[in-house]
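# Structural overview
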Amino acid sequence: MKTTHLPTTPPQGYAHPMPNLIVTLLLTAVIAIVIIGLIVLAVRVAQRPRNALVGGGIGPELIEQVLQLKASDQFDQAVFLVRGETGMSHRAAARLVRKIHPTPPPPP
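Residues numbered from 1 in each chain as written. Predicted model: local features only at pLDDT ≥ 70, side-chain atom pairs only at ≥ 80, totals over all residues. Heavy atoms only, no water.

### Quick word on the environment of Ala-94
Checked against the element boundaries, Ala-94 lands in helix α4 (residues 90-99). Spatially, the C-alpha atoms of Ala-94 and Asp-76 are 8.1 Å apart, while their sequence positions differ by 18 residues. (Helix = DSSP H or I, 4+ residues; strand = E, 2+ residues; numbered from the N terminus.)

### Let's talk about the environment of Thr-24
Position of Thr-24 relative to the elements: it lies in helix α1 (residues 17-47). Only 2.8 Å separates the side chain of Thr-24 from the backbone oxygen of Asn-20, close enough to count as a polar contact. (Polar contact = N/O pair within 3.5 Å; in protein donor to acceptor, adjacent residues only side chain to side chain.)

### Focus on the nonpolar core
Val-66, Val-82 and Val-97 are the most contacted members of the largest nonpolar core, which has 14 residues in total. Secondary-structure elements contributing two or more residues to this core are α2 (60-71), α3 (75-86) and α4. Setting aside residues up to four positions removed in sequence, Val-97 forms contacts with Val-66, Lys-70, Phe-75, Ala-78, Val-79 and Val-82. (Core = buried A, V, L, I, M, F, W, Y, C linked by side-chain atoms within 4.5 Å. Buried < 20%, exposed > 50% of the residue type's maximum accessible area, 1.4 Å probe, protein only. Contact = heavy atoms within 4.5 Å.)

### Here's the deal with a positive patch on the surface
On the surface, a cluster of positive charge is contributed by Arg-91, Arg-95, Arg-98 and Lys-99. Along the polypeptide, Arg-95 turns up in helix α4. (Patch = residues over 30% accessible without salt bridge, like charges linked within 9 Å, V, L, I, M, F, W, Y side chains within 5 Å. Areas by Shrake-Rupley, 256 points an atom, 1.4 Å probe, with all protein chains shown as cover. Salt bridge = Lys/Arg side-chain N within 4 Å of Asp/Glu carboxyl O. Lys, Arg positive; Asp, Glu negative; His and termini not counted. Charge placed at Lys NZ, Arg CZ, Asp CG, Glu CD.)

### Points about α3
Helix length check: α3 (12 residues) gives 16 Å between terminal C-alpha atoms against 16 Å at 1.5 Å per residue, within 8%. When α3 is considered as a whole, its buried residues turn out to be Ala-78, Val-79, Leu-81, Val-82 and Thr-86. Here the buried residues of α3 occupy an arc of 160° about the axis, which is enough to place them on one side. Pointing more than 90 degrees away from the buried face of α3 are the exposed residues Asp-76, Phe-80 and Gly-84. Where the residues of α3 are buried, they touch α2 and α4. Residue Gly-87 follows α3 closely and has a positive phi angle near 85°. (Expected span 1.5 Å × (residues − 1). Arc of directions from axis to C-beta.)

### Things to note about the packing of α2 against α3
In the contact formed by α2 and α3, the axes pass within 8 Å of each other and the chain directions differ by 160°. Considering their axes alone, α2 and α3 lie roughly antiparallel with respect to each other. For the element pair α2 and α3, the recorded crossing hand is right-handed. Contacts between α2 and α3 pair Leu-62, Gln-65, Val-66 and Leu-69 from the former with Phe-75, Gln-77, Ala-78, Leu-81, Val-82, Glu-85 and Thr-86 from the latter. Its residues assigned to classes, the contact of α2 with α3 comprises seven nonpolar, three polar and one charged. (Axes fitted to C-alpha atoms, helices over the stretch in contact; angles between N-to-C directions. Parallel < 35°, antiparallel > 145°, perpendicular 65-115°, else oblique. Left-handed = near helix turned anticlockwise from the far one by under 90°. Nonpolar A, V, L, I, M, F, W, Y, C, P; charged D, E, K, R; others polar.)

### Some thoughts on the side chain of Thr-86
Locating Thr-86 in the fold gives a position in helix α3. Of note is the side chain of Thr-86, whose polar atom sits 2.6 Å from the backbone oxygen of Val-82. A polar contact is formed between the side chain of Thr-86 and the backbone nitrogen of Met-88, at a distance of 3.2 Å.

Treat this as a map of the structure, not an account of what it does.
Dropping the structure here:
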């Protein structure tokens, strides 16, 4: 029996190596941008907690204004005022406005 040897050719590699390289580089860039964005977001959130007070906080003047607005049935305006003065979220400011009640007069 005769054996024939087929000529062996060296491997040619990929038919289109550049598109694979470009896709790999683009995916790496997108992943890097997403990771950097998440790090920046985490740093910003850590620097100022969501309900941290901005400015002077809650003083007697703000409480008096809130009480006046609540007395005239302007709850939303009171919440808006608290949010503007303190930087609180809408939910936290609404909770605060609901909890503020006028102090009862001293007994005679």
